[in-house]
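Summary of structural features
Residues per chain, in single letters:
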Amino acid sequence: MALEVPLAMPAAGRSSCALSPAETTRPEARGTGCRFCGGALHGFVDLGMSPLCESFLAADQLDAMEPFYPLKVMVCGDCFLAQLREYVSPEHIFRDYAYFSAYSDAWLDHARRYAEMTAQRFALGPGSRIIELASNDGYLLQFFVAKGFEVLGIDPAENVAKAAEERGVRTLTRFFDLDTARELAAKGITADLVAANNVLAQVPDINRFLAGLPLILRPNGVATFEFPHLLRLLEENQFDTIYHEHFSYFSLMTAERLFAAHGLRVFDVEELWTHGGSLRLYLCHEQAARPTTPAVARLIAREREAGLSDLATYAAFEQRVRATKQRLLEFLIDAKRAGKSIAGYGAPGKGNTLLNYCGIRSDFLDYTVDRNPHKHGKFLPGTHIPVLPPERIAETKPDYLLILPWNLKDEIMRQMASIRDWGGRFVVPIPEVRVYP
Ligand SMILES: [Zn+2]
């Protein structure tokens, strides 16, 4: 790494289970008020106590005490930012993150198309620099490297940053915030394009994060932010996308206010299929010569019609979540009583929220499988369901395959079509329990 930026955080590699709750719970987690505007918080959905969804366990940790934290989402009555208190510090969560982007074909394809589209739409050429915030294992920037652009990834997780460097993606191993931005800007490291995919939700101090953005964005530069859309979470019952790692849940309405407070304007928005329905916001400096497209006002109007600026909409959500839990358990109990075997497919964060909230352990799911070899031989946090390679499914021929990453269900049903050879069927839990023959 050529950049000589001092690391603010100590290098770490401790597993989550090595820490006691007293070490990891922040005192300010008990504070009150919206993390963006300070407004009063109201109830949204309470999923009880849950472990960190990416804290996979090794076999020798199964008998040890495991930290559980509240998974209780509130909503601000002033700006309608849905939020979890900072029950666990991001330093603790993201230092050795198990999520490697490069293991999903559909996600890689999404990244490839993003690189093509932005290079063309914003006339990126030789000399352009692309900075990605939370660059993960370099899955996205590798496509810009291939085009000959200058890139810089910023990511705090040591293990994924190492994977990125191996792909030829220069990576700065630290959190992005105002201090990082100041240091980069002082060295003249600014960008024509800043990509920030699925990171805003993971930042507890969003004001300090967003304050840094204008400093690294060139005057005519563009930043794109992708995050799961709160409207879809509400409309499609995606309560399992709530986890401790996601401190905030955004509508466009709220996001626009947030960026405006930091001198940035949303000039376009797109709806994406990713993560069950995400938004991609296009941002520029407030005064930049980029007209705002009608898509922005149109989507905000849709959000208002759906009740996103009414606290009653949020309060009603919890009843639907409870009913979904009851129906999923009914299905599993009936299947077990009929002597059927059930395996899981995937070990995503959302699966861990779902399984822990519903109390589904190896009494219902014999095991789950994942394509990510880093997860093989590990056990799901809280539920202790073993994670095995996908080949195990053909060996054990389960009657039902419960697809935990339901957002990738089409891809998975194609890959696993052979379960039909023995009469196996797919089960998708969200938005409602559905069996596919
Ligand atoms: Zn607020």
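Conventions we followed
Residues numbered from 1 in each chain as written. Predicted model: local features only at pLDDT ≥ 70, side-chain atom pairs only at ≥ 80, totals over all residues. Heavy atoms only, no water. Helix = DSSP H or I, 4+ residues; strand = E, 2+ residues; numbered from the N terminus. Buried < 20%, exposed > 50% of the residue type's maximum accessible area, 1.4 Å probe, protein only. Areas by Shrake-Rupley, 256 points an atom, 1.4 Å probe, with all protein chains shown as cover. Donors = N, O, S within 2.8 Å, 3.2 Å for Na, K, Ca; no water. Tetrahedral: all angles 85-135°; square planar, octahedral: opposite > 155°, others 65-115°. Contact = heavy atoms within 4.5 Å. Core = buried A, V, L, I, M, F, W, Y, C linked by side-chain atoms within 4.5 Å. Salt bridge = Lys/Arg side-chain N within 4 Å of Asp/Glu carboxyl O. Arc of directions from axis to C-beta. pLDDT = per-residue confidence, 0-100. Pairing = 2+ DSSP bridges. Axes fitted to C-alpha atoms, helices over the stretch in contact; angles between N-to-C directions. 1 Å grid on protein atoms, 1.4 Å probe; cavity = no way out; pocket = protein on both sides within 12 Å on 5 of 7 lines; lining within 4 Å. Points joined across faces, edges and corners; volume = space filled by probe spheres on them. Nonpolar A, V, L, I, M, F, W, Y, C, P; charged D, E, K, R; others polar. Parallel < 35°, antiparallel > 145°, perpendicular 65-115°, else oblique. Left-handed = near helix turned anticlockwise from the far one by under 90°.

1. With respect to the overall build of the chain
Assigned secondary structure in the chain consists of 14 helices and 17 strands. Sorting the 437 residues of the chain into buried and exposed places 57% on the buried side. A total accessible area of about 17,300 Å² is found for the chain, and carbon and sulfur atoms account for 52% of it.

2. Topic: the coordination of the zinc ion
Surrounding the zinc ion are the protein donor atoms Cys34 (SG), Cys37 (SG), Cys76 (SG) and Cys79 (SG), which sit 2.3 to 2.4 Å from the metal. In this structure, the zinc ion is coordinated by four donor atoms arranged in tetrahedral fashion, with angles at the metal of 99 to 119°. Judged by relative accessible area, Cys76 falls into the buried class, the value being 0%.

3. Some remarks on the side chain of Thr254
Its place among the elements puts Thr254 in helix H9 (residues 252–260). Non-local contacts of Thr254, meaning those with residues more than four positions away in its chain, are made with Cys79, Phe80 and Leu81.

4. Quick notes on the nonpolar core
With 113 residues, the main nonpolar core has Phe44, Leu133, Leu200, Phe225 and Phe259 as its most contacted residues. Take this core: its biggest share by element is eight residues, from helix H11 (residues 311–337).

5. Some thoughts on the pattern of salt bridges
Within this structure, the stated rule accounts for 20 salt bridges. One salt bridge in this structure joins Glu150 and Arg129, with 2.9 Å as the shortest N-O distance. You can see Glu150 sitting in strand E5 (residues 150–154) and its partner Arg129 sitting in strand E4 (residues 129–133), a full 21 residues away along the chain. The buried category is assigned to Arg129, whose relative accessible area is 10%. In this structure, the salt-bridge partner of Glu432 is Arg327, at a minimum N-O distance of 2.7 Å. Taken together, the residues Glu432 in the loop between strand E16 (425–428) and strand E17 (434–436) and Arg327 in helix H11 connect sequence positions 105 residues apart.

6. Some remarks on helix H7 (residues 206–216)
Along H7, the positions that sit buried rather than exposed are Ile206, Phe209, Leu210, Gly212, Leu213 and Ile216. Along the long axis of H7, the arc covered by the buried residues comes to 155°, so they all point the same way.

7. Focus: the confidence of the model for the chain
Considering every residue of the chain, the mean pLDDT works out to 89; 90% of them sit at 70 or more. In the predicted structure, residues 1–30 sits below a pLDDT of 50 and forms 59 contacts with residues beyond four places in sequence or in another chain.

8. Regarding unusual backbone geometry
With an omega of 5°, the peptide bond running from Ile430 to Pro431 counts as cis. As for its placement among the helices and strands, Pro431 is situated in the loop between E16 and E17. Despite not being glycine, Ala123 shows a phi value in the positive range, around 50°. Structurally, Ala123 is set in the loop between helix H3 (105–121) and E4. For Ala123, a relative accessible area of 65% translates into the label exposed.

9. What about the sheet that holds strand E11 (residues 278–285)?
Sheet strands line up and pair through hydrogen bonds in the backbone, either parallel or antiparallel. On the basis of which strands lie adjacent, the open sheet formed by seven strands has the order E6-E5-E4-E7-E8-E11-E10 and mixed pairing. The sheet is open, and its two edges are formed by strand E6 (171–172) and strand E10 (264–272), each paired on a single side. Note: strand E8 (residues 217–228) against E11, six bridges, orientation antiparallel. Of the residues in E11, the one forming a bridge with Thr224 is Tyr282. Those strands touched by H7 are E4, strand E7 (191–197), E8, E10 and E11, and its axis lies near 145° from that of E8.

10. Description of the pairing of strand E2 (residues 69–76)
Buried residues dominate E2, accounting for six of its eight residues. Two strands pair when backbone bridges link them, and strand E1 (residues 41–50) and E2 are joined in this way by seven bridges, in the antiparallel orientation. Residue pairing in the sheet places Gly43 in a bridge with Met74 of E2. Relative to strand E3 (residues 82–84), E2 is paired through three bridges, and the arrangement is antiparallel. Opposite Met74, over in E3, you have Gln83 as the bridge partner.

11. Here's the deal with empty space enclosed by the protein
Summed over all chains, the structure comprises two cavities of 30 Å³ or more. One number sums up the size of the largest cavity: a volume of about 80 Å³. What lines the largest cavity is simply Ala201, Pro228, His229, Leu230, Leu233, Gln238, Thr241, His246, Ser248, Tyr249 and Phe250. Secondary-structure elements contributing two or more residues to the lining of the largest cavity are helix H8 (230–235) and strand E9 (248–249). Considered class by class, the residues forming the lining of the largest cavity number six nonpolar, five polar and no charged.

12. Some thoughts on the sheet that holds E9
With antiparallel pairing, four strands are arranged side by side in an open sheet as E1-E2-E3-E9. Because the sheet does not close on itself, it has two edges, and the strands there are E1 and E9. Running over the sheet, H11 touches E1 and E2 and is turned about 25° from E1.

13. As for the packing of helix H6 (residues 178–186) against H7
At a minimum axis distance of 7 Å, the contact between H6 and H7 shows a crossing angle of 15°. Looking at the two axes, H6 sits roughly parallel to H7. H7 is crossed by H6, and the crossing has left-handed handedness. Where H6 abuts H7, its residues Leu178, Asp179, Ala181, Arg182, Leu184 and Ala185 lie against Arg208, Ala211, Gly212, Leu215 and Ile216. Across the contact of H6 with H7, the residue classes tally to seven nonpolar, one polar and three charged.

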